[in-house]
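# Secondary and tertiary structure notes
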Amino acid sequence: MAQLSDDCFAFGGPMMSVDEAIGIIAARVTPVRDIETVALTQADGRVLAGDVSAPLPLPPFTNSAVDGYAVASRDLTQGELRFFTVNGRIQAGATGGEPLRPGEVVRIFTGAPMPQGADTVFMQEDVRIETDGRVVLPPGLRAGANVRPVGEDVPVGHAALAAGQRLRPQDVALAAAFGLTRLDVVRRLRVAVFSTGDELVSPGDCRGSAQLFDSNRFMLMAMLTRLGCDVNDLGIIGDDRTSLADALKKVAAGHDLILTTGGVSTGEEDHVKAAVESVGKLVLWRMAIKPGRPVAMGVIGGTPFVGLPGNPVASFVTFVHVVRPTVLALSGARQQPLIAMPVHAGFTYKKKIARREYVRVNLRKSGDGLLQAVKFPREGAGLLSSLVDTDGLVELGEEITRVEPGQIVGFLSYASLI
């Protein structure tokens, strides 16, 4: 279990930028040290605990890249056709057979080992076969064509997979190609999640006329699961400081992170701030971000605490920029910068300087075939439909004050944010 200092998230400025927030998290969060070994089938999405060096070259032997005929390039004549006798046939999985003699070729198939003496392969569609069985090779093919040399993909000893990377399907495939069956990974983070507010009830429970079904909690738990966390759902805790404080203190010892939604503003019924301060240390971050702004960061018994806004869009956006980097840091994973894709704006928009804003958009192809971001027609951080019915967010940097149609803007797909 990672143990953080009480002042881990201290910040002295009046308003925090997104980059400052991510920098503080990356620099001050101590990763968990527990490691477990998992089968390759369970490795996708996990954080690799140690470097993996190639135990063998890939490919491990020189082989043909195509179906065709293997030949020694020294037997080829520049600018002239040449007739060769076919001596043998090598399929994938077979041995290389006898050494190639002058004037001979070997019928070979994709993935089959090259026979001794051969260094070039002619594709079968480029070869003419005579009635007597000989083959005619055309001129102009360079030596070494259509051959995969040993170690061409990955040389033996190469640092193929680095500690701290979140494993993807292609990374798992590389480990399998090395003959590995298991990998050492950081254990999954244990995250406690609950919502606050007397106005909320869980789906399936009886809803009062002035109550809402809790949606944020389920969104956040799904996002944490996609980040590879083990999530403990604590449900809804009402607007009572003592109940909140007791719940926070109880779960801190058995979890790596505590995440709440709602109750982090400065209203009289926003009790999360006072509850955290009674059992730990809290800093209320006011981030220069829209939607978002109020985010509570703190430490309870060495366990980090994050309190997100109650509005669903603000909760989603601040999760991406605060919770996501916190989870990566706690897992010992490398921070993964979000890289926006350039697209054309299909809307007009004004914003304040020195604040980063995220606009919900759909991608469309314009008349000239270029991608265009079309703004969701309604504003409001409480509109769940604005997350459901859009493709992603346009990121508008702190220096931007206005967007005009046709202007290049940065687009972040929802899939890239988790």
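None of these values were measured; they are calculated from a predicted model. (Residues numbered from 1 in each chain as written. Predicted model: local features only at pLDDT ≥ 70, side-chain atom pairs only at ≥ 80, totals over all residues. Heavy atoms only, no water.)

## A short note on the overall build of the chain
Rules: Working definition: helices are DSSP H or I runs of at least four residues, strands are E runs of at least two. Numbering for both runs from the N terminus. C-alpha atoms define the radius of gyration in this analysis, and the globule rule sets the expected value at 2.2 Å times the number of residues to the power 0.38. Each residue gets one of three labels from its accessible area relative to the maximum for its type: buried under 20%, exposed over 50%, partly exposed in between, using a 1.4 Å probe on protein chains only. Contacts were defined at the residue level, with two residues in contact if any of their heavy atoms lie within 4.5 Å. Residue-level accessible areas treat just the shown protein chains as cover; the underlying method is Shrake-Rupley with a 1.4 Å probe.
Scanning the chain for helices and strands turns up seven helices and 28 strands. Compactness check: the chain gives a C-alpha radius of gyration of 30 Å against a globular reference of 22 Å for 418 residues, more than 25% above the reference. Taking the principal axes of the C-alpha coordinates as reference, the chain spans close to 95 × 55 × 45 Å. Relative to its 418 residues, the chain shows a buried fraction of 45%. Taking contacts inside the chain between residues at least 6 apart in sequence as the whole, the part at least 24 apart equals 71%. Approximately 19,400 Å² of the chain is accessible, and the part contributed by carbon and sulfur atoms is 51%.

## Here's the deal with helix 1 (residues 18-28)
Working note: α-helix, 3.6 residues per turn, so residues spaced by three or four point in the same direction. Quick note on the threshold: Here the arc refers to the directions that run from the helix axis out to each C-beta atom.
Of all the residues in helix 1, the buried ones are V18, A21, I24 and I25. With its buried residues spanning 130° around the axis, helix 1 presents them on a single face. Structural note: helix 1 exposes D19 and A27 on the side pointing more than 90 degrees away from its buried face. The secondary structure elements touched by the buried residues of helix 1 are strand 18 (281-286), strand 19 (289-290), strand 20 (294-300), helix 6 (312-330) and strand 24 (356-365).

## Structural notes on the packing of aromatic side chains
Which entries qualify depends on this criterion: Pairing of aromatic rings covers Phe, Tyr and Trp, the last through its six-membered ring, and needs centres within 6.5 Å; plane angles under 30 degrees mean stacked, over 60 mean edge-to-face, and all others mean tilted.
Inspection of every chain in the model, using the stated rule, returns three aromatic pairs. Centroid distance F316 to Y414: 5.5 Å. Interplanar angle 80°. Geometry classified as edge-to-face. Here Y414 lies in the segment after strand 28 (408-413) and F316 lies in helix 6, a separation of 98 residues in the sequence. Pairing F347 with Y349 gives two aromatic rings, centres 6.4 Å apart and planes at 85°, and the pair type is edge-to-face.

## Thoughts on the environment of V323
Its location among the elements puts V323 in helix 6. Linking V323 and G307, residues 16 residues apart in sequence, is a C-alpha distance of 9.5 Å. Once residues lying within four places of it in the same chain are set aside, the contact partners of V323 are L224, L257, L259, V306, L308 and T318.

## With respect to the pairing of strand 13 (residues 190-196)
Quick note on the threshold: For two strands to pair, DSSP has to find at least two bridges joining them.
The buried count for strand 13 comes to six of seven residues, which makes it a mostly enclosed element. Bridging between strand 13 and strand 16 (residues 230-237) involves six bridges; their strand directions are parallel. Across the sheet, V191 pairs through a bridge with V231, a residue of strand 16. In this structure, strand 13 lies alongside strand 17 (residues 257-261), joined through five bridges in parallel fashion. Within the sheet, the bridge partner assigned to V191 lies in strand 17 and is L257.

## Some words on the side chain of T303
Note the cut-off: The term polar contact refers here to a pair of N or O atoms within 3.5 Å; inside protein, the definition further demands a hydrogen-donor-capable atom paired with an acceptor-capable atom, and it admits residues adjacent in sequence only when both atoms are side-chain atoms.
Of note, T303 is situated in strand 21 (residues 303-308). Within the local environment of T303, its side chain forms a polar contact with the backbone oxygen of H255, the two atoms lying 3.3 Å apart. If we skip the residues at most four places from it in the chain, T303 touches A252, H255, D256, L257, I258 and G298.

## As for unusual backbone geometry
As a rule of thumb, non-glycine residues mostly have phi less than zero, and peptide bonds are mostly trans rather than cis. Cis rather than trans, the peptide bond between L58 and P59 has omega equal to -10°. Of note in this structure, N146 is not a glycine but carries a positive phi near 60°.

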